[in-house]
Structures are given as C-alpha cells and as structure tokens.
Amino acid sequence: MEIEPTVLLAYAVAWTFFYALLSRHIAELSRQKWTSWVQSEESDDVLVEALQAVIEEIEDRMHDKLEEFKSSFFGSLGAASKKLDQSTGQGAIKALTKDNPVMGFVADYMMKRGGLDALQGQKTGDPPKQQTGSTGKLGLK
C-alpha cells in the first residue's frame, strides 16, 4: 500500500486543522473551568494557603517600613522640639519654675499667650507688644 504525496498532504492539512480546533476548544474549556473555580468560594482557602509566603513577606516589609517611619518621624519631632526649646529658652524657664507651680503656671500662660514675647521682652528691655484693634461689637476694643 503506497500513499501518494497529495493524499498525505491532504491528511496533514486535515489533521492540522482538526488539531487547531480541538486545542482551541480544550483551551477555552480549561479557561472557563479555571475562572469559575477562582471565582468560587472554595478557592479562597486554597489560594490563601498557596500565597501565604507572599502575604507574610508583604506584612513583614510593611511592619519594617512602619517602624522605620515611626523612628524617623518621632526622632525628627524630638530634634525639632529640642531646637525650639533651645532657641526660645522655654526649657530653661520651665526648669526655673519647676519648684514653684504657680510661677510655672504663669510662665506657661505667658509663653502660650504671648508667643514668648512677654518673657523675652524682659531680657532685651523691649516692652511686650500690645494688640489693639476694634472688634466692631458695640465699639469695644
């Protein structure tokens, strides 16, 4: 039995065409089955188990980043607070009034109210700045 080349070529073309259609059909069925399984609730536990290492790595990195941010943020706040204390003398004033709570209260009030102008005015000899202006209510200032 001898097969002629044209018949052999016809068989090859037919099988190639059949194989292409069959493989596309199988791939489409597989895709549909996969997407329906992934969207189902039974896949949640399996996917979480499979990706547990990735989830833990993300949590570890986020924890490290948060700790790094907290240390840099609070470190910069502490440095800024220290500079502010040094530049305004607020730390020295608080140390001087530590034993006398009434004087500490008065000094704290003056620092908050006058932005330290009242206390710094005593050092330089400048009087504290007075705020004047009318509020428009019954002509009161």
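In this text the structure is predicted, and so the values were computed from the model without any measurement. (Residues numbered from 1 in each chain as written. Predicted model: local features only at pLDDT ≥ 70, side-chain atom pairs only at ≥ 80, totals over all residues. Heavy atoms only, no water.)

### So, the overall build of the protein chain
Heads up, the rule is: Numbering of helices and strands starts at the N terminus; helices are DSSP runs of H or I of at least 4 residues and strands are runs of E of at least 2. Note on exposure labels: buried denotes an accessible area under 20% of the residue type's maximum, exposed denotes more than 50%, and partly exposed covers the range between, all computed with a 1.4 Å probe on protein chains only. For the accessible areas, the method is Shrake-Rupley and the probe is 1.4 Å, while residue cover comes only from the protein chains on display.
Summing up its helical and strand segments, the protein chain has six helices and zero strands in all. Listing the helices and strands of the protein chain from first to last along the sequence gives α-α-α-α-α-α. Relative to its 141 residues, the protein chain shows a buried fraction of 9%. Carbon and sulfur atoms make up 62% of the accessible area of the protein chain, which totals about 13000 Å².

### A short note on the packing of aromatic side chains
We count it as follows: Ring geometry is summarised as follows: Phe, Tyr and Trp rings, the Trp one being its six-membered ring, pair when their centres sit within 6.5 Å, and such pairs are stacked at plane angles under 30 degrees, edge-to-face over 60 and tilted between the two.
Inspection of the entire model under this criterion finds three aromatic pairs. Centre to centre, the rings of Trp15 and Phe18 are 5.7 Å apart; their planes meet at 85°, and the pair counts as edge-to-face. Here Trp15 and its partner Phe18 are both found in helix α1 (residues 5-39), three residues apart, which amounts to about one turn of the helix. On the basis of relative accessible area, Trp15 is assigned to the exposed category, the value being 56%. Owing to a relative accessible area of 46%, Phe18 belongs among the partly exposed residues under this scheme. Between Phe69 and Phe73, the aromatic rings sit 5.6 Å apart at their centres with planes inclined by 20°, giving stacked as the arrangement. Separated by four residues within a single helix, Phe69 and Phe73 lie in helix α3 (residues 52-88), roughly one turn from each other.

### Side note on the side chain of Ser43
Let me state the cut-off plainly: A contact between two residues is defined here by any heavy atoms of the two lying within 4.5 Å.
Examined against the element boundaries, Ser43 turns out to sit in helix α2 (residues 42-50). Ser43 gets classed as buried once you look at its relative accessible area, which sits at 0%. Setting aside its immediate chain neighbours within four residues, Ser43 contacts Trp37 and Val38.

### Brief notes about the confidence of the model for the protein chain
The cut-off we apply is this: Each residue carries a pLDDT score, the predictor's confidence in it, ranging from 0 to 100.
In the predicted model, the protein chain carries a mean pLDDT of 77, and the fraction of residues at 70 or more is 74%. The spread of mean pLDDT over the elements of the protein chain runs between helix α6 (residues 117-124), the lowest at 47, and α1, the highest at 92. In this model residues 121-125 is a low-confidence stretch, pLDDT under 50, and it forms one contact with partners more than four residues away in sequence or in other chains.

### Concerning the pattern of salt bridges
To keep it simple, the criterion reads: Should a side-chain nitrogen of Lys or Arg be within 4 Å of a carboxyl oxygen of Asp or Glu, the pair is scored as a salt bridge.
Evaluation of the coordinates by the stated rule reveals three salt bridges. The salt bridge involving Arg61 is made with Glu57; its shortest N-O contact spans 3.0 Å. One end of the pair is Arg61 and the other is Glu57, both in helix α3 and four residues apart, which spans about a single turn. With a relative accessible area of 54%, Arg61 lands in the exposed category.

### Looking at a negative patch on the surface
Spelled out, the test is: Put simply, a patch holds well-exposed residues, over 30% relative accessible area, that have no salt bridge, with like charges counted together within 9 Å and Val, Leu, Ile, Met, Phe, Trp or Tyr side chains within 5 Å. When charges are counted, Lys and Arg contribute as positive and Asp and Glu as negative, whereas His and the chain ends are disregarded. To locate a charge, the coordinates of NZ of Lys, CZ of Arg, CG of Asp or CD of Glu are taken.
Residues Glu56, Glu59, Asp60, Asp64 and Glu68 make up a contiguous surface patch of negative charge. With respect to the secondary-structure elements, Glu59 resides in helix α3.

### Some details on a nonpolar patch on the surface
Together, Trp34, Val38, Leu47, Val48, Leu51, Val54, Ile55, Ile58 and Met62 give the surface a local cluster of nonpolar side chains, amounting to about 790 Å² of exposed area. Of all the secondary structure elements, the ones that give two or more residues to the nonpolar patch are α1, α2 and α3. When residues of the nonpolar patch are assigned to their parent elements, the largest contribution, four residues, is made by α3. Tracing the backbone shows Ile55 in helix α3.

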